[in-house]
Amino acid sequence: GPKVLQIPSHQIIDMGQMVTLNCDPVSNHLYFYWYKQILGQQMEFLVNFYNGKVMEKSKLFKDQFSVERPDGSYFTLKIQPTALEDSAVYFCASSFTGQLYFGEGSKLTVL
Amino acid sequence: GQQVQQSPPASLVLQEGENAELQCTYSTTLNSMQWFYQRPGGRLVSLLYSPSWAEQRGGRLTSSAASNESRSSLHISSSQITDSGTYLCAMGNTNAYKVIFGKGTHLHVLP
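Within every chain, residues take consecutive numbers counted from 1 along the sequence as written. Chain letters and ligand numbers both follow the written order, the letters beginning at A and the numbers at 1. The predicted nature of this model means local features are confined to residues of pLDDT at least 70 and side-chain atom pairs, given and counted, to a pLDDT of 80 or more, with totals for whole chains, interfaces and linings taken over all residues. Only heavy atoms go into the side-chain values, all of them from the structure, while hydrogens and water stay out.

(A) Quick peek at the overall build of chain A. In this text, helices come from DSSP runs of H or I with a minimum length of four residues, and strands from runs of E with a minimum of two, each type numbered from the N-terminal end. Scanning chain A from terminus to terminus reveals 0 helices and 11 strands. Counted from the first residue to the last, chain A has its helices and strands arranged as β-β-β-β-β-β-β-β-β-β-β. Computed over its C-alpha atoms, the radius of gyration of chain A comes to 13 Å, within 12% of the 13 Å expected for a compact globule of 111 residues. Principal-axis analysis of the C-alpha atoms gives chain A an extent of 35 × 25 × 25 Å. This radius of gyration counts C-alpha atoms alone. The globule rule is 2.2 Å times how many residues there are, raised to the power 0.38.

(B) The arrangement of the overall build of chain B in detail. Tallying secondary structure elements over chain B gives 0 helices and 11 strands in all. When its helices and strands are written in sequence order, chain B yields β-β-β-β-β-β-β-β-β-β-β. Relative to a compact globule of 111 residues, whose C-alpha radius of gyration would be 13 Å, chain B shows 13 Å and is just as compact. With the C-alpha coordinates of chain B rotated into their principal frame, the extents come out at 40 × 25 × 20 Å.

(C) Region of interest: the sheet that holds strand E3 (residues 19-24) of chain A. Residues and elements named next belong to chain A. At least two DSSP bridges between two strands are required for those strands to pair. What the 4 strands build is an open sheet, ordered E1-E3-E8-E7; its pairing is antiparallel. In this open sheet, the two edge strands, each paired with only one partner strand, are strand E1 (5-7) and strand E7 (65-68). When the angles between neighbouring strand axes are averaged without regard to direction, this sheet yields 15 degrees. In terms of strand pairing, E7 meets strand E8 (residues 75-79) through 4 bridges, oriented antiparallel. The partner of Ser66 across the bridge, within E8, is Lys78. Every axis in this analysis is a line fitted to C-alpha atoms, fitted for helices over the stretch in contact. Angles between the N-to-C directions lie between 0 and 180 degrees.

(D) Fine view of the sheet that holds strand E6 (residues 56-58) of chain B. Residues and elements named next belong to chain B. The sheet built from 5 strands is open, its strands ordered E1-E3-E8-E7-E6 with antiparallel pairing. If you trace the sheet from one side to the other, it starts and ends with strand E1 (4-7) and E6, each paired once. Averaged over all pairs of adjacent strands, the angle between strand axes in this sheet comes to 15 degrees, irrespective of strand direction. Pairing geometry for strand E7 (residues 61-66) and strand E8 (residues 71-76), over 6 bridges, is antiparallel. Bridge pairing links Ser64 to Ser73 in E8.

(E) Examining the pattern of salt bridges more closely. By definition, a salt bridge exists where a carboxyl oxygen of Asp or Glu is found within 4 Å of a side-chain nitrogen of Lys or Arg. Under the criterion given, the structure shown has 3 salt bridges over all chains. Asp86 of chain A is paired through a salt bridge with Lys62 of chain A; the nearest N and O atoms lie 2.9 Å apart. Note that Asp86 of chain A is positioned in the loop between E8 and strand E9 (88-95) and Lys62 of chain A in the loop between strand E6 (53-57) and E7, a separation of 24 residues in sequence. Taking the shortest distance from any N to any O, the salt bridge between Asp83 of chain B and Arg60 of chain B comes out at 2.9 Å. With a gap of 23 residues between them, Asp83 of chain B in the loop between E8 and strand E9 (85-92) and Arg60 of chain B in the loop between E6 and E7 connect regions that are remote in the sequence. Each residue's exposure class comes from its accessible area (1.4 Å probe, protein chains only) as a fraction of the maximum for that residue type: buried when under 20%, exposed when over 50%, partly exposed otherwise. Residue classification places Asp83 of chain B among the buried positions, given a relative accessible area of 10%. In this structure Arg60 of chain B comes out as partly exposed when scored by relative accessible area, which is 26%.

(F) Here's a closer look at the state of the cysteines. Count a disulfide wherever a pair of cysteine sulfur atoms falls within 2.5 Å. Taken as a whole and assessed by the stated rule, the structure comprises 2 disulfides over all chains. Between the sulfur atoms of Cys23 of chain A and its disulfide mate Cys92 of chain A the distance is 1.9 Å. Its S-S torsion of approximately -65 degrees makes the covalent link between Cys23 of chain A and Cys92 of chain A left-handed. Placement of Cys23 of chain A in strand E3 and of Cys92 of chain A in strand E9 is noted, with a sequence separation of 69 residues between them. Accessibility assignment for this pair places Cys23 of chain A and Cys92 of chain A in one class, buried. Disulfide partner of Cys24 of chain B: Cys89 of chain B, at an S-S distance of 1.4 Å. The S-S bond linking Cys24 of chain B to Cys89 of chain B shows a torsion near -90 degrees; that makes this disulfide left-handed. Of the two residues, Cys24 of chain B is situated in strand E3 (residues 20-26) and Cys89 of chain B in strand E9; the sequence distance between them amounts to 65 residues.

Laid out in structure tokens, this is it:
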């Protein structure tokens, strides 16, 4: 089936540093999403990006978070600065009609 | 805010060969539903997707919906040991700008 790729699979950084998580969505998809999942807990919606804009975001999408997809390249989630509570697995998803396809996740560990 | 509740709320234990029914209920009007299986390592596998609440079938899986009751179900027939894992439902609003997940049900199929 369609593949969503995420880079890196795992990143360890010190609190206060910046991190960028990259997502290569399915080629013809138009909707892009980021989700956050702490181990053993619920998959939490962060943000939806469509037509170059954030269309929906949750309370978890703090001011330190930003997303972009410059010129059809990677869809990125940037966190600056990071906090300890940002440690989680971040999943990217893309969609053409509403059916979501997920990447394998980027595990972020903030020390 | 919008919430998706899954039942059984935590786990379901079955003997191999038994049928399973997992349910999702939602707190507001949503337009589509999707069922996922989450592997132990975290990867999400899409099982069934239903825009506009139509019944969907795939092998031993069937999803059905009662939009007037704000509920959808995933039926697994003749369960197998390899069906064990976490099942998540996700529901989307009309424009699919926001797709939110339930907390998941852990299915344990015993020999």
